[in-house]
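Chain by chain, the residues run as shown.
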Amino acid sequence: YNNDGVSRVKFSIATIVLAALSVASPVQAEWPERDIRIVVPYGPGGSTDNTTRAVQPAIEEILGVKLTIENIGGGSGLIGTAKALKAKADGYTFSMNPTSTMASIFTRAMPYDVDADVQPVARIARSWLALAVHPDLPITNVKEFVEYAKANRISYSSTGVGGITHIYMELFADATGIEMTHVPHRGSSKALNALLGGHVQAQIDSNLLPQLQSGGVRGIGYVNNEKWPGYEQLPTLQEQGVDVPHMSWFGFVARKGTPAEAVNGMAAAVEKALQRDDVKERLLKLALYPGFQGPEDFAAQIKRDQTSFKAVLTKLGAIKAK
């Protein structure tokens, strides 16, 4: 062979080798490559679970994979959240969380560190909350509630000690000068069932709002200054002279270190899903309002709420002021 022939042979071999490598080496697939696990740290049928299932079909359609929901209740949402945050940070495990599991970090030993272990992904919705009582009670407004509570010890249900519904009721009690008996439950659905069954007399939650229309509970007032579109005749607590701050939302978080591709991809899917009319309708029926925030804004929201919770819990004597 001459020099030109040798060069041509070398070029041909190199071309064949490169072609073979390009066929043998799989092209890296974009996220998501497989189904995604969503941990709901409460039992089925509660506010957090309902929020997840309201957006699930749209997100599945947008991402082209299935979202497998796993309910892990207990510990006011801390047990399931901790398990989700121990999963591999590969972008295939997320947790749906309410405010309390991210902001209420001062009352008890936490099984995770929000700053060190949590990657905020997307806030999905904020909730309308109401104070309601069992319909057998002779109470229709805040004034009657306070008068009755001073003459008869009222018991109330919540999603657990230190959870946001517990804090709301104690804020209400503090603002009105009454004392009540707290009966904690593992999730909103069980807390609501306790109220519907007459085992407790009162509750603050978003999960009970649809019950207002059916007559299963009697509304006393909305916690926040907005009225649920499905039941606008109920006055707010503020309109009745009681100011209880509103700090209630639901959103996806993941373990710190989760790839940015997965974090941003899930956030984008949530934002797109919340623009759909069918998703908005499902959320509104649950007394929820679409309230999207991306990773950075959601992280800032969590920080602000941690500060608010600390002030509230200090006032209630749950923690000592530093």
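In this report, the structure presented in the accompanying data block is examined. Here the structure is a predicted model, which means the values were calculated and not measured.

## A word on the overall build of the protein
Then, number 1: From N to C terminus, the protein includes twelve helices and eleven strands.
Then, number 2: Buried residues in the protein amount to 51% of all 322 residues.
Then, number 3: Sequence separation of at least 24 residues holds for 77% of the intrachain contacts in the protein that already meet a minimum separation of 6.
Then, number 4: Here the protein displays about 14800 Å² of accessible surface, and carbon together with sulfur accounts for 51% of that area.

## A short note on the side chain of Asp-305
Then, number 1: Of note, Asp-305 is situated in helix H12 (residues 295-315).
Then, number 2: The buried charged residue Asp-305 lacks any salt bridge, with Arg-304 as its nearest oppositely charged partner at 6.0 Å.
Then, number 3: If we ignore the near neighbours within four places in the chain, the residues touching Asp-305 are Thr-99, Ala-103, Met-247 and Trp-249.

## A look at the pattern of salt bridges
Then, number 1: Summed over all chains, the structure comprises ten salt bridges.
Then, number 2: Salt-bridge contacts for Glu-70 lead to Arg-37; the nearest nitrogen and oxygen are separated by 2.7 Å. Linking Glu-70 in strand S2 (residues 67-71) with Arg-37 in strand S1 (residues 36-40), this pair joins segments that are 33 residues apart in sequence.
Then, number 3: With relative accessibility at 31%, the residue Glu-70 sits in the partly exposed group.
Then, number 4: Of the residues examined, Arg-37 reaches a relative accessible area of 25% and is grouped as partly exposed.
Then, number 5: Notably, a salt bridge pairs Arg-276 with Glu-61, separated by 3.5 Å at the nearest N-O pair. Taken together, the positions of Arg-276 in the loop between helix H10 (260-273) and helix H11 (277-285) and Glu-61 in helix H2 (residues 47-63) put the pair 215 residues apart, joining distant regions of the chain.
Then, number 6: Residue Arg-276 is classed as partly exposed on the basis of its relative accessible area, which comes to 23%.
Then, number 7: Classification of Glu-61 as exposed rests on a relative accessible area of 57%.
Then, number 8: Taken together, the shared-partner salt bridges connect Glu-61, Arg-276, Asp-278 and Arg-282 into one network.

## Let's talk about the nonpolar core
Then, number 1: Within the largest apolar cluster, 33 residues are counted, with the highest numbers of intra-cluster contacts made by Ile-36, Ile-38, Ile-59, Phe-94, Phe-252 and Met-266.
Then, number 2: Elements with a minimum of two residues in this core: S1, H2, S2, strand S3 (93-98), strand S4 (118-127), strand S10 (249-255), H10 and H11.
Then, number 3: The dominant element in this core, judged by the number of residues it contributes, is H10, at seven residues.
Then, number 4: Not counting residues up to four positions away in its chain, the partners in contact with Ile-38 are Thr-52, Leu-67, Thr-68, Ile-69, Glu-70, Phe-94, Met-96, Phe-252 and Met-266.
Then, number 5: Grouped together as the second largest cluster of nonpolar side chains are 32 residues, Val-146, Tyr-168, Ile-204 and Leu-313 included.

## Some words on the sheet that holds strand S5 (residues 130-133)
Then, number 1: Spatially, S7-S6-S8-S5-S9 is the arrangement adopted by the five strands of the open sheet, whose pairing is mixed. The two strands at the open ends of the sheet, each matched to only one other strand, are strand S7 (180-184) and strand S9 (218-222). When the angles between neighbouring strand axes are averaged without regard to direction, this sheet yields 25 degrees.
Then, number 2: By the bridge criterion, two bridges tie strand S6 (residues 154-158) to strand S8 (residues 202-205) in an arrangement that is parallel. Directly across from Ser-157, in S8, lies its bridge partner Gln-203.
Then, number 3: Against the sheet, helix H6 (residues 142-151) engages S5, S6, S7, S8 and S9, with an angle of about 115 degrees to S6.
Then, number 4: The strands touched by helix H8 (residues 188-196) are S5, S6 and S8; relative to S8, the strand with the most contacts, the crossing angle is about 150 degrees.

## Remarks on the environment of Tyr-168
Then, number 1: Positionally, Tyr-168 belongs in helix H7 (residues 164-176).
Then, number 2: For the pair Tyr-168 and Ala-130, spaced 38 residues apart in sequence, the C-alpha to C-alpha distance is 10.0 Å.

## Some details on the environment of Lys-310
Then, number 1: Inspection of the secondary structure puts Lys-310 in helix H12.
Then, number 2: For Lys-310, a relative accessible area of 33% corresponds to the partly exposed category.
Then, number 3: Distance in space between the C-alpha atoms of Lys-310 and Ala-103 is 8.3 Å, their sequence separation being 207 residues.

## Quick notes on the pairing of S4
Then, number 1: The buried fraction of S4 amounts to nine of the ten residues, a majority that puts the element mostly inside the structure.
Then, number 2: Sheet topology note: the S4/S10 ladder contains seven bridges and is antiparallel. Of the residues in S10, the one forming a bridge with Ala-125 is Phe-250.
Then, number 3: Examined bridge by bridge, S4 and strand S11 (residues 288-293) share four bridges and lie antiparallel to one another. By the bridge assignment for S11, Ser-127 is matched with Leu-288.

Calculation rules
- Residues numbered from 1 in each chain as written.
- Predicted model: local features only at pLDDT ≥ 70, side-chain atom pairs only at ≥ 80, totals over all residues.
- Heavy atoms only, no water.
- Helix = DSSP H or I, 4+ residues; strand = E, 2+ residues; numbered from the N terminus.
- Buried < 20%, exposed > 50% of the residue type's maximum accessible area, 1.4 Å probe, protein only.
- Contact = heavy atoms within 4.5 Å.
- Areas by Shrake-Rupley, 256 points an atom, 1.4 Å probe, with all protein chains shown as cover.
- Lys, Arg positive; Asp, Glu negative; His and termini not counted.
- Salt bridge = Lys/Arg side-chain N within 4 Å of Asp/Glu carboxyl O.
- Core = buried A, V, L, I, M, F, W, Y, C linked by side-chain atoms within 4.5 Å.
- Pairing = 2+ DSSP bridges.
- Axes fitted to C-alpha atoms, helices over the stretch in contact; angles between N-to-C directions.

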